[in-house]
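So you can see what is in the structure, the chains are spelled out below.
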Amino acid sequence: MPAPRAYPDRRITDQDQIARRRERARKENPRIENRDPRFPVFSNFDVHSQTGITYSVEVRDLAWRQFHCTCVDFRVNGLGTCKHAEAVLLHLAQALPAAEAAGSLRLDLLADAPRQSLRCEIEPTRLPRGLRRLLDGEGHLLSDVMPELAVQAWREAAQALPELRVSQEVDVLLENRRRAAEAISLRRTYEQKVRAREWPPHETRIPLYPYQREGMLHLACVERALLADEMGLGKTAQAIAACALLRRLGRASRVLVVTPASLLGEWAEQIARFTRLAARQIEGPRSARLTQYAADGAAFFTLATYEQMLADHLEVNAQLRPDIVILDEAQRIKNWHTRTALAVKRLESRYAFVLTGSPLENKIDEIYSLVSFLDPAVLGPLFRFNREFYEFDQHGKPRAVRNLERLRNRLRPILLRRRKADVAAQLPSRTDRTLLVDLTVTQRARYAALEADVARLIAAAKKRPLTAPQNERVFRLVSQMRMLCDAPFLLDPVDRTSPKIAEFSRLLAGLAVEKDVKVLVFSEWDRMLELASEACIRLRLGLAWHTGSVPAAERREEIRRFREDPNCRIFLSTDSGATGLSLPVASVVIHLDVPWNPARFEQRTARAWSSNQQRPVTVVRLVARDTIEHRLTASLAGREVLADSVLDGRPAPASWPIDRTRADTLERIAALLPTKLPPKPPAPVPESPGLVEERLRAVAEKIGLVLLEEREPAAGAGDAVLFAVVRGDPIGARAELAAVFGEGASARLEIVDEPTHYAIERLAASGLVAPTHHVTRRFWPVPGPRSREARAKKFFADLKAQLSDEPELVPAGEAFPTS
């Protein structure tokens, strides 16, 4: 049989999948043993895989291909086969024709999954009289007979009649029944003992809100559950409480918490705050970590990072053997094919808690990856998931998602999600303010030039697709527009003016008189925080600093100081501090800019407005008037996202288009621009060559200018650029050259230092890179009447004269004159 073909798209049939498994069975050729030689074909076979794991395959019928295997793939794929079952068929190839013709004489007791009961497919008259009394006329177990008792009776009868067999799938059904009954019993026992005052009303030192107590019971009773509460509702506290409850119930003695490295300290502090249970952080090189996993008398909580699990997951299973695995900020495994996701999904435990406030943003594949860690059977194999919830184009690529209500129903047993609006009565009040700030004249002029460039490119995109460099230019220009909304300093290190910082200073001056008020300040850019820190220093307000450039240990110290030091009033943070941190000591949150992603705004705010907050919270947004971020603020107010339909039960359309192309992003950018196309700004290069030469001579020596040319794309696509080579700092040279050519020139300038230019020239001479622009005008060196040879002769003549000058002699004793 030929090997299965390669698939260029996601439209894969069941037969294609079966062919893949058959081919894998042929290539791997595992060792197979018959556990009951009395039945050469319709028996149970041990399949010894190359990984060292032994699986059991049950053969019931050949004509209808009825098998069962204990592997996960068989349980999930819905194909009725797997590579282990196909390996058994290849092993029995010679005996199959006769066995299929004769049929099976086995009397199998099977699982009846829809009824959560049992059934027998053979004629009831062939069964012993004692077993016939357990079934109705169609072979289904009577409703008043416990499945567990029927299995016991079947197995006792099999000792005298070998043809009787209890299918392997029955054990799975009974185990599911047992666990479901146990979950109900555990919850009932817990609530009865709490009411009887035998157990404390809270498993934590700090009382939980009612909705948090419900979350605790959801995690503990569902066993493998997804808690997707909105940011700030205390998912960490609920998970800690669930672990403490399972420990009280005798179901857990070891917990593994997997979290981003930046939140290890946060988890240690929260565990100490809510419980008296011991916790330890896994640290050091791999050899030291392995010793910590195997340590006797291990702490109840073991805290590790996703990066550590990439290397240590097998040792964790073998040595730590956790009863509970908690994945915090679990969006780290939302891409199911990454090495980190694959390693984490190999962790073994009975209980598993997945914690994330954003399990689904714009791709349903993200929640598929999370759920596959908890229970792969919930959403089934990926190929079935794709067929059921995607619409495809003619090339087999997904163009829309569908059946969202069905997806929501599948998730309901394991998913718990609450929004802050749902539990607002249990949270402190929140006041939102948006302060519109006007740009300066210079800011507005530079912003208008960038906006015009973007508008022209967007208009061109409606006629024909943009090239890759043009697409990148659009995104770069939009980023520069957003930066200009904050301060020119983000693009130009010389200009430190910022109306936003002036307004920020006024806000802080009003808050400074209230000694117990602490403030969180967020910005996407470090340079904006630098300006904000200068305002804090001028007002003599102590501050803490949290950015990605700060080492993790120092970040923890900054967080501690902000929490504990009454003189540390301001917490300045980039989006590195927008997730995971709990900072309820702050009651004011100031956003210096508007995030592009709407979820990021609430993530920032949730650091203060959370279940741990005791005071009203004020949230302030500083927005540049009549700019892209002003329109972005308005567009996010009522923007629906895919997660609303899948997670929150909001009405869903029949299909939801997938935002997966650059064209979709360009459309969103176009919606954030003014409706009227701005006129093309005048060329930033002055028409008078004499004026340019005069200005250049004034700054050339200061910045070490070597070369300055105007270059245009060879194909005529896009705008010309000003290319400069300097001996000094390219960043410092930008402002000087922008002043020469006018405000609009800054966006067109591309400046490199002399070594970089030399390397580019060498690469071009070697043919490794090819120039795509041609020189249309040279500004420096200033073109003159003399030829290049004449200029070179003059240069060397001047150099020789300098070298021949006698050095000035300083009399002894006067080199360092004294008074």
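Residues numbered from 1 in each chain as written. Predicted model: local features only at pLDDT ≥ 70, side-chain atom pairs only at ≥ 80, totals over all residues. Heavy atoms only, no water.

## Considering the overall build of the protein chain
Within the protein chain one finds 29 helices and 27 strands. For the protein chain, buried positions account for 49% of its 819 residues. Intrachain contacts of the protein chain at a sequence separation of at least 6 include 70% that bridge at least 24 residues. Here the protein chain displays about 40,700 Å² of accessible surface, and carbon together with sulfur accounts for 53% of that area. (Helix = DSSP H or I, 4+ residues; strand = E, 2+ residues; numbered from the N terminus. Buried < 20%, exposed > 50% of the residue type's maximum accessible area, 1.4 Å probe, protein only. Contact = heavy atoms within 4.5 Å. Areas by Shrake-Rupley, 256 points an atom, 1.4 Å probe, with all protein chains shown as cover.)

## What about the confidence of the model for the protein chain?
For the protein chain, per-residue confidence averages 83 on the pLDDT scale, and 87% of positions sit at 70 or higher. pLDDT under 50 marks residues 1-9. Its contacts with residues more than four places away, or in other chains, come to twelve contacts. Across residues 681-687, where pLDDT falls below 50, the model places 18 contacts with residues more than four positions away in sequence or in other chains. (pLDDT = per-residue confidence, 0-100.)

## Side note on the sheet that holds strand S19 (residues 542-546)
The six strands lie next to each other as S17-S22-S21-S18-S20-S19, forming an open sheet whose pairing is parallel. Each edge of the sheet is formed by a strand with only one pairing partner; in this case those strands are strand S17 (430-437) and S19. Across the sheet, the mean angle separating the axes of adjacent strands is 20° when strand polarity is ignored. Both S19 and strand S20 (residues 568-573) contribute to a ladder of five bridges, which runs parallel. Along S20, the bridge assignment pairs alanine 544 with phenylalanine 571. Contacts between helix H19 (residues 499-512) and the sheet are confined to S17, strand S18 (519-522), S20, strand S21 (588-591) and strand S22 (617-624), with S22 contributing the most and set at about 160° to the helix. (Pairing = 2+ DSSP bridges. Axes fitted to C-alpha atoms, helices over the stretch in contact; angles between N-to-C directions.)

## Topic: the nonpolar core
In this structure, Leu256, Met309, Leu327 and Phe373 are the most contacted members of the largest nonpolar core, which totals 43 residues. If you tally residues by element for this core, the top one is helix H14 (residues 364-374), at seven residues. When sequence neighbours within four positions are dropped, the list of residues in contact with leucine 327 reads Val258, Tyr306, Ile333, Val344, Phe353, Val354, Leu355 and Phe373. Membership of the second largest hydrophobic core comes to 38 residues, among which are Leu219, Cys243, Trp267 and Ile326. (Core = buried A, V, L, I, M, F, W, Y, C linked by side-chain atoms within 4.5 Å.)

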